[in-house]
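Reading the structure
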Amino acid sequence: MCEADSIPTAPAATPGFYTLFRTEFTLAVRRRSDIVNPLLFFVTVLALMPLGIGPEPEMLSRMAAGLIWVMALLATLLSQESLFRGDYEDGSLEQLALQPQPLYFPVLAKVLVHWLVTGVPLAVLSPLLGMMLNLGQAGYWPLLISLALGTASLSLIGAVGAALTVALRRPGLLLALIIMPLYVPVLIFGTGTVQAALDGYSYGPQLAILGAILAAAAALAPLAAAGAIRISLEN
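Note that this is a predicted model, so its numbers are computed, not measured. (Residues numbered from 1 in each chain as written. Predicted model: local features only at pLDDT ≥ 70, side-chain atom pairs only at ≥ 80, totals over all residues. Heavy atoms only, no water.)

A closer look at the overall build of the chain
When helices and strands are counted, the chain shows nine helices and zero strands. Secondary structure elements of the chain occur, N-terminal to C-terminal, as α-α-α-α-α-α-α-α-α. Its C-alpha atoms give the chain a radius of gyration of 18 Å, within 12% of the compact-globule value 18 Å for 235 residues. C-alpha atoms of the chain, sized along the principal axes, occupy 55 × 35 × 30 Å. In the chain, which comprises 235 residues, the proportion classed as buried is 45%. (Helix = DSSP H or I, 4+ residues; strand = E, 2+ residues; numbered from the N terminus. Rg over C-alpha atoms; globule rule 2.2 N^0.38 Å. Buried < 20%, exposed > 50% of the residue type's maximum accessible area, 1.4 Å probe, protein only.)

Observations regarding the packing of helix H7 (residues 140-164) against helix H9 (residues 204-234)
Across the interface, H7 lies against H9 with an axial gap of 7 Å and an inter-helix angle of 20 degrees. Considering their axes alone, H7 and H9 lie roughly parallel with respect to each other. Judged by the sense of rotation from one axis to the other, the crossing of H7 with H9 is left-handed. (Axes fitted to C-alpha atoms, helices over the stretch in contact; angles between N-to-C directions. Parallel < 35°, antiparallel > 145°, perpendicular 65-115°, else oblique. Left-handed = near helix turned anticlockwise from the far one by under 90°.)

Some words on the packing of aromatic side chains
Counted by the stated rule, this structure contains two aromatic pairs. The interplanar angle of 25 degrees and the centroid separation of 6.1 Å between the aromatic rings of Phe21 and Phe25 together place this pair among those described as stacked. Separated by four residues within a single helix, Phe21 and Phe25 lie in helix H1 (residues 10-30), roughly one turn from each other. On the basis of relative accessibility, which here comes to 18%, the residue Phe21 falls in the buried class. (Phe/Tyr/Trp six-rings, centres within 6.5 Å; stacked < 30°, edge-to-face > 60°.)

Below you can see the structure in the form of structure tokens.
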């Protein structure tokens, strides 16, 4: 990996990071479809689930946590393809790569914005959808916390796949094949958090593992994505 992708001291990178973050967040808010489409997919599919698997309350209650987590994962994946696509097509991604500031921080800013406009709304909506699927009350709070942590990890991991496929014309299937196996641990411990709460056990260990996954992803995924972007630009 290029020496330019190493993490510099915080004072040197903070001003540029916040400027880029504000710019990306403003652009994301203006592109309302990027926010609405994953949420619409998330809500619509979960609303149709009782029609497909049956309206029995006990069955829905057992499956609620897994269904919500799987749909949140797919909704996040749905928006990952466009993470760097627009910047690559208009040439601004190449300009970011040429700046003296390491590419780590622009990638981190983009991922943070992606999580704020995709992952956070999914987490906030999850208790309401859990109520619709007859999820026990003990699972509402663990579901919200686990989704907040988990969707942040999903955005970071997905950024690596998005960077690897940014130069491809139709990267959807390849992107899914690259990052779906990496999503599995987040999915397992996310659903495990809710299930432990519903069974009356402590869900602290599962949340701790989700936090550890997030910490590792925050440190390593932007570096990997930055290196993948440079490779994609060179080719």
